[in-house]
Amino acid sequence: EADIYQTPRYLVIGTGKKITLECSQTMGHDKMYWYQQDPGMELHLIHYSYGVNSTEKGDLSSESTVSRIRTEHFPLTLESARPSHTSQYLCASKKTGGKSEAFFGQGTRLTVV
Amino acid sequence: SQQGEEDPQALSIQEGENATMNCSYKTSINNLQWYRQNSGRGLVHLILIRSNEREKHSGRLRVTLDTSKKSSSLLITASRAADTASYFCATVTQGGSEKLVFGKGTKLTVNP
């Protein structure tokens, strides 16, 4: 059973609002990731972190920002939501090392109206 | 661009048949992993193959890796209706950051 949690599961919000998507894991994993996925489509890496205070942008340019102040917590923030941000956001974590798999949260489905 | 391009994009087979999905990638990797996703939910890890391995088995799953061609395949034998899902390959880059990048996925439908 994966101990990685995302909140909220669903969010409908108006254009221009600031939002924070939460992701927490209790497995002590160093590596954490955020992906954006439209229904039935590929996962795009938008941010990743390889430890506390270490974050990198992913392959897909995103207006969101992330922080990693604590090992277990990797929130994603959108300062001003737009309809183009409507998507599913998936968070994942893994242990450091070549044999380790990633564990995923259930995702946050964001709709900006 | 993303690593891990899969083909086919969609595959429809009958229960009991085998399903083969292929994945190609572009850079040096530490390992390659396959994941399954049901109806837009979170992904579940299926199997991992390291860059120095050529083949791996787990139950009805068989994965091969050809680092010279930068490609991998996932074979699901004796498929069941419950195997209907999207399957993604993901590569972990070499180096400390262990960037995890996914391909476009193959949508598998197993008809009863």
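Residues numbered from 1 in each chain as written. Chains lettered and ligands numbered in written order. Predicted model: local features only at pLDDT ≥ 70, side-chain atom pairs only at ≥ 80, totals over all residues. Heavy atoms only, no water.

1. Description of the overall build of chain B
This is how the line gets drawn: Secondary structure counts use DSSP, requiring at least four H or I residues in a row for a helix and at least two E residues in a row for a strand, with both numbered from the N terminus. What the globule rule says is 2.2 Å times the number of residues to the power 0.38, and the radius of gyration is computed from C-alpha atoms. Here the term buried applies to any residue with accessible area under 20% of the maximum for its type, exposed to any over 50%, and partly exposed to those in between, with areas from a 1.4 Å probe on protein chains only. Any two residues whose heavy atoms approach within 4.5 Å are treated as being in contact.
A tally of helices and strands in chain B yields zero helices and 11 strands. Helices and strands in chain B line up, N terminus first, as β-β-β-β-β-β-β-β-β-β-β. In terms of overall size, chain B behaves like a compact globule, its C-alpha atoms giving a radius of gyration of 13 Å where 112 residues would be expected to give roughly 13 Å. Expressed along its principal axes, the backbone C-alpha trace of chain B runs to roughly 45 × 25 × 20 Å. Across the 112 residues in chain B, those meeting the buried criterion constitute 48%. Look at the contacts in chain B between residues 6 or more apart in sequence, and 55% of them connect residues 24 or more apart.

2. Regarding the overall build of chain A
Note the threshold: All accessible-area figures derive from a Shrake-Rupley calculation using a 1.4 Å probe, and residue coverage is judged against the displayed protein chains alone. A residue counts as positive if it is Lys or Arg and as negative if it is Asp or Glu; His and the chain ends are not included. In this description, the location of a charge corresponds to atom NZ of lysine, CZ of arginine, CG of aspartate or CD of glutamate.
A count of helical and extended segments in chain A gives zero helices and 11 strands. Along chain A, helices (α) and strands (β) appear in the sequence β-β-β-β-β-β-β-β-β-β-β when read from the amino end. Relative to the 2.2 N^0.38 estimate, which gives 13 Å for 113 residues, the radius of gyration of chain A is 13 Å and therefore close to what a compact globule would have. Overall, the C-alpha framework of chain A stretches about 40 × 30 × 25 Å when taken along its three principal axes. For chain A, the residues scored as buried account for 47% of the 113 residues in total. Element-wise, carbon and sulfur atoms account for 51% of the exposed surface of chain A, whose accessible area totals about 5,300 Å². The centroid of the 12 positive side-chain charges in chain A is displaced by 2 Å from the centroid of its 12 negative side-chain charges.

3. Topic: the confidence of the model for chain B
Our working rule: Confidence scores per residue from the predictor, reported as pLDDT, run from 0 to 100.
Summary statistics for chain B give a mean pLDDT of 91 and a share of 96% for residues scoring 70 or more. When pLDDT is averaged over each element of chain B, strand S7 (residues 61–66) of chain B comes out on top at 98 and strand S1 (residues 5–7) of chain B at the bottom at 79.

4. Quick word on the sheet that holds strand S8 (residues 71–76) of chain B
Residues and elements named next belong to chain B. Condition: At least two bridges found by DSSP between two strands is the condition for calling them paired. To define axes, lines are fitted to C-alpha atoms, for helices over the stretch in contact only, and angles between the resulting N-to-C directions are given on a 0 to 180 degree scale.
With antiparallel pairing, five strands are arranged side by side in an open sheet as S1-S3-S8-S7-S6. Each end of this open sheet is capped by a strand with a single partner; those strands are S1 and strand S6 (55–58). Pairwise comparison of adjacent strand axes, ignoring direction, gives a mean angle of 15° for this sheet.

5. As for the interface of chain B and chain A
The line we're drawing: A 1.4 Å probe defines the accessible area here, and the buried area is the portion of it lost by two parts on being joined, summed over both. What counts as a salt bridge is simple: a side-chain nitrogen of Lys or Arg found within 4 Å of a carboxyl oxygen of Asp or Glu. N or O atoms closer than or at 3.5 Å make up a polar contact, with two conditions inside protein: a donor-capable atom paired with an acceptor-capable one, and, for residues adjacent in sequence, both atoms drawn from side chains. Only Asp, Glu, Lys and Arg are considered charged in this grouping, and only Ala, Val, Leu, Ile, Met, Phe, Trp, Tyr, Cys and Pro are considered nonpolar; every other residue, Gly among them, is considered polar.
Across the contact, 23 residues belong to chain B and 27 residues belong to chain A. A combined buried area of about 2,100 Å² lies between chain B and chain A, and 50% of that area is made up of carbon and sulfur atoms. If you look at where chain B meets chain A, you find two salt bridges. Of the charged contacts in the structure, one is a salt bridge between glutamate 98 of chain B and lysine 94 of chain A, with a shortest N-O distance of 2.4 Å. Along the contact surface separating chain B from chain A lie nine residue pairs in polar contact (both at pLDDT 80 or more). For the side of chain B that touches chain A, the secondary-structure elements that each account for two or more residues are strand S4 (29–37), strand S5 (43–50) and strand S10 (100–102) of chain B. Sorting elements by how many residues they give to the side of chain B that touches chain A places S4 of chain B first, with five residues. The residue inventory of the side of chain B that touches chain A, partitioned by class, reads seven nonpolar, 11 polar and five charged.

6. Details of the sheet that holds strand S1 (residues 4–7) of chain A
Residue and element names in this part refer to chain A. Read across the open sheet, the four strands follow the order S1-S3-S8-S7; overall the sheet is antiparallel. Bordering the open sheet on either side are S1 and strand S7 (65–66), each of which pairs with just one other strand. One ladder, built from three bridges, connects strand S3 (residues 19–25) with strand S8 (residues 76–78); its direction is antiparallel. Residue threonine 20 lies in a different strand from S8, and its bridge partner there is threonine 77.

7. Some thoughts on the state of the cysteines
What counts, and what does not: Pairs of cysteine sulfur atoms within 2.5 Å are what we label disulfides.
By the definition in use, this model includes two disulfides over all chains. Note that cysteine 23 of chain A is cross-linked by a disulfide to cysteine 91 of chain A, the S-S spacing being 1.9 Å. Disulfide cysteine 23 of chain A to cysteine 91 of chain A: torsion about the S-S bond roughly -75°, handedness left-handed. With cysteine 23 of chain A in strand S3 and cysteine 91 of chain A in strand S9 (residues 87–94), this pair connects stretches of sequence that are 68 residues apart. In this structure cysteine 23 of chain A comes out as buried when scored by relative accessible area, which is 0%. One disulfide in the model links cysteine 23 of chain B with cysteine 89 of chain B; its S-S distance is 1.9 Å. Torsion about the S-S bond of the cysteine 23 of chain B and cysteine 89 of chain B cystine: about 65°, corresponding to right-handed handedness. In this pair, cysteine 23 of chain B is assigned in strand S3 (residues 19–24) and cysteine 89 of chain B in strand S9 (residues 85–93), connecting sequence segments 66 residues apart. Its relative accessible area of 2% is what places cysteine 23 of chain B among the buried residues. Residue classification places cysteine 89 of chain B among the buried residues on the basis of a relative accessible area of 0%.

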